[in-house]
Amino acid sequence: MRPNFNPKSIRKTVIEMAYAGSTVHIGCALSIVEILAVLYRQFLNYPNNDPLHVDRDYLVLSKGHGVMAQYACMRELNWLPEKAIKDYFSNGSELKGLSEFGVPGLEVTSGSLGHGFSIGVGIALGAKLSNTNQKTYVIVGDGEINEGSIWEGALFAAHHQLKNFTVIVDENGLQALGYTSEILGLGSIESKFASFGFEVLSVDGHNEIEIHSALNQLQNSLSSKPKALIAKTIKGKGISFMENDNIWHYTRLTPDIYALAIDELVRNDL
Amino acid sequence: MRNALSACLIGAARANEKTILLTGDHGYSLFDEFRKYFPNQFINAGIAEQNMVGMAAGLAKKGFLPVVYGLSAFVPIRVLEQIKIDICYECLPVIFLGDGAGFTYSHLGVSHQCNEDIAALSAIPNISIYSPADRFEMKFVFESALQDKAPSYIRVGKCDLGDIHDCTSELNEQPLLNVRKGNNSSTVFLATGSMVKKTIKLAERFGNISVYSVPKLKPLDSKKLLVKLEQFRKIVTIEEHSIHGGLGACIAEHIMRSDPKKIFSIGVRDRFSQKCGSYEYLLKEAGLDEESMFASISKFLEE
């Protein structure tokens, strides 16, 4: 049976892992929870529930910093042993603080930003040249698209009509040292990707129905353009005191804060 | 040598339809034949090298065998991080061709000259580094890179200098290829790539000195290398590359490690970290914790 990828349960895993490993990068994992839930639930095809199946669709987490949310989904899929969650960051363990290849389910080594996008373009090109129907979804952060390589890849994807390529921008408005608008203003991300030749839609990135419907619309489009979904999100979403507060890019959970966060997730579940 | 390179590329494309050639809008006229016969295996990725190398990783993951062409000033220098993370960490079968290495683009100035490519790549695990001296070595190393099915860099320097060897069949996997026989048993000249020809000429002025070409710089078979060099008291290395991290440095490292009388170098031994863990854990994994270092230094001091 397919798991239902309940966003609260994904967030709970994120908080558990962050506490177990005493890790940072909590806020940027919490902002992509609904995006991942919809992708895993309704779009990504893994024959036989095999994360390495040769005919699978590809989910590339280019913003590798959000990897705990992906681990949480992989936990729901039974791709990760419980021990891996509990022993997160322990010496000699497999799961790292950024997406790294070698863990089935993670397609790329990312975290150095602007890499996963191009690798995803290459995978999509490979799928097209091989005449398969495989789809490639790449999740990038809005801060990440400061990187020039993103726009090199966008030009290529549009020029080569990679309609099997979808980029999802997690537009949470914050990057490492502050608001994206104050650091390197992006203006309209929609119009930037549109002008690069993408078919673009925007959604509330925490509304699963909207995400689902927009991705459906993009996937069913008859156009040969690559697709971009701009998801308006909130960094730290789901834990009230973490929302829009960038300290959760860097801060570790104390026992008290951990209890507060879990309590809020459980309480809201009732 | 460029004709040989073109022939190698065409041969690879013909032998395997998964071979795919990518260029960052460089290689004027070099790919004319290739494009004529294999238009579907050729991609001009535009003046966008970072994306080109990332895409090569994606293509390799989908079962293709990318050959990425660029000027060595850009591939590998501009895209070193993509080569390290996207290609080498996963050990993907991608061949990089760095053309115009050294001072080839003499008149164009420093932006197009490249004397640091070998050094930059040497510290990255999993990649083989080749530096052929003529068309025969080019064919030999290209085939070797193809067979490896792992990351490779072929440095293409000044390539209109003429032949060194008579044919490819006289080449072998030995780290040192004799290109001039001499009976001087105390001194030897080693050269790579574009400097082999000049070194042969130079050796003539010094009398009976043997000259060896070194077409593969990494990995180097240390044992075979040292056996060959054992008899010589003086070794001269010549390369069109920085003395930091090139042929000379590489030979010196092998000799130093085999006979560590003065220097015993401790550091990260050509590997990526493996597991997740604390800072101290990763130091231990690399042999840089106090106990491991104490043990290895003790052994060195006893020798």
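Not measured: the values here are computed from a predicted model.

Student: For the overall build of chain B, give the residues involved together with the corresponding values.
Tutor: Counting its regular elements, chain B contains eleven helices and eleven strands. For 303 residues, the compact-globule formula gives about 19 Å, and the C-alpha radius of gyration of chain B, at 20 Å, lands near that figure. With the C-alpha coordinates aligned to their principal axes, the bounding extent of chain B is approximately 65 × 60 × 35 Å. Out of the 303 residues in chain B, the part that is buried amounts to 44%. Intrachain contacts of chain B at a sequence separation of at least 6 include 71% that bridge at least 24 residues.

Student: Any details on the sheet that holds strand S4 (residues 95-99) of chain B? Residues and values, ideally.
Tutor: Residue and element names in this part refer to chain B. Read across the open sheet, the seven strands follow the order S2-S1-S3-S4-S6-S5-S10; overall the sheet is mixed. Two strands lie at the open edges of the sheet, namely strand S2 (42-44) and strand S10 (216-218), each paired on one side alone. Neighbour to neighbour, the strand axes of the sheet diverge by 20 degrees on average, direction disregarded. Bridge analysis of strand S1 (residues 19-23) against strand S3 (residues 65-71) gives five bridges, and the strand direction is parallel. Looking at the pairing, Leu 22 lines up with Val 68 of S3. Contacts from helix H1 (residues 2-15) reach S1 and S3 within the one sheet, and its direction differs from that of S1 by about 140 degrees.

Student: Tell me what's going on with the domain arrangement of chain B, and back it up with residues and numbers.
Tutor: Interfaces are often sized by the amount of accessible area the parts lose when they come together. Each domain of chain B was delimited in the assignment, giving domain 1 (2-155), domain 2 (168-258) and domain 3 (264-303). Placing the centre of domain 2 of chain B and that of domain 3 of chain B at their C-alpha centroids yields a distance of 31 Å.

Student: So, the pairing of strand S6 (residues 152-155) of chain B: which residues are in play, and what are the values?
Tutor: All names here are of chain B. Alternating positions in S6 separate into two faces, Ser 152 and Ile 154 on one and Tyr 153 and Arg 155 on the other, with burial throughout. Bridge count between S4 and S6: four bridges; the pairing is parallel. Opposite Leu 97, over in S6, you have Ile 154 as the bridge partner.

Student: Could you give an account of the environment of Arg2(A), naming the residues involved and the relevant values?
Tutor: Position of Arg2(A) among the secondary structure elements: in the segment before helix H1 (7-21). The spacing of Arg2(A) and Glu76(A) is 74 residues in sequence and 8.7 Å in space, taken between C-alpha atoms.

Student: Describe the nonpolar core, listing the residues and the values that go with them.
Tutor: Grouped together as the largest cluster of nonpolar side chains are 155 residues, with contacts concentrated most on Val14(A), Ala69(A), Ala56(B) and Val68(B). Domain assignment of the residues forming this core places at least three in each of domain 1 (2-155) and domain 2 (168-258) of chain B. With residues up to four places along the chain from it excluded, the contact list for Val14(A) reads Ile26(A), Ala29(A), Leu30(A), Met68(A), Ala69(A) and Ala72(A).

Student: Pulling in residues and values, what's your account of the confidence of the model for chain B?
Tutor: Summing up the model confidence of chain B, the mean pLDDT is 95 and the portion of residues at 70 or higher is 100%. Of the two predicted TM-score estimates for the complex, the pTM is 0.95 and the ipTM is 0.93.

Student: How would you sum up the interface of chain B and chain A? Please name residues and give values.
Tutor: Between chain B and chain A, the contact holds 25 residues from the first and 26 residues from the second. Mapped onto the side of chain B that touches chain A, the elements with two or more residues apiece are helix H3 (49-61) and helix H4 (80-88) of chain B. The residue makeup of the side of chain B that touches chain A, split by class, is eleven nonpolar, eight polar and six charged.

Student: Describe in detail the packing of helix H8 (residues 222-229) of chain B against helix H9 (residues 247-258) of chain B, supporting the description with residues and values.
Tutor: All names here are of chain B. Contact geometry for H8 and H9: axes closest at 10 Å, N-to-C directions at 90 degrees. Taken together, the axes of H8 and H9 are roughly perpendicular relative to one another. Residues Ser 222, Leu 225, Leu 226 and Leu 229 of H8 pack against His 254, Ile 255 and Ser 258 of H9. Of the residues assigned to the contact of H8 with H9, the class counts are four nonpolar, three polar and no charged.

The rules behind these values
- Residues numbered from 1 in each chain as written.
- Chains lettered and ligands numbered in written order.
- Predicted model: local features only at pLDDT ≥ 70, side-chain atom pairs only at ≥ 80, totals over all residues.
- Helix = DSSP H or I, 4+ residues; strand = E, 2+ residues; numbered from the N terminus.
- Rg over C-alpha atoms; globule rule 2.2 N^0.38 Å.
- Buried ≥ 20, exposed ≤ 12 C-beta atoms within 10 Å, placed from the backbone.
- Contact = placed C-beta atoms within 7 Å.
- Pairing = 2+ DSSP bridges.
- Axes fitted to C-alpha atoms, helices over the stretch in contact; angles between N-to-C directions.
- Domains from an automatic or database assignment.
- Core = buried A, V, L, I, M, F, W, Y, C linked by C-beta atoms within 7 Å.
- pLDDT = per-residue confidence, 0-100.
- Nonpolar A, V, L, I, M, F, W, Y, C, P; charged D, E, K, R; others polar.
- Parallel < 35°, antiparallel > 145°, perpendicular 65-115°, else oblique.

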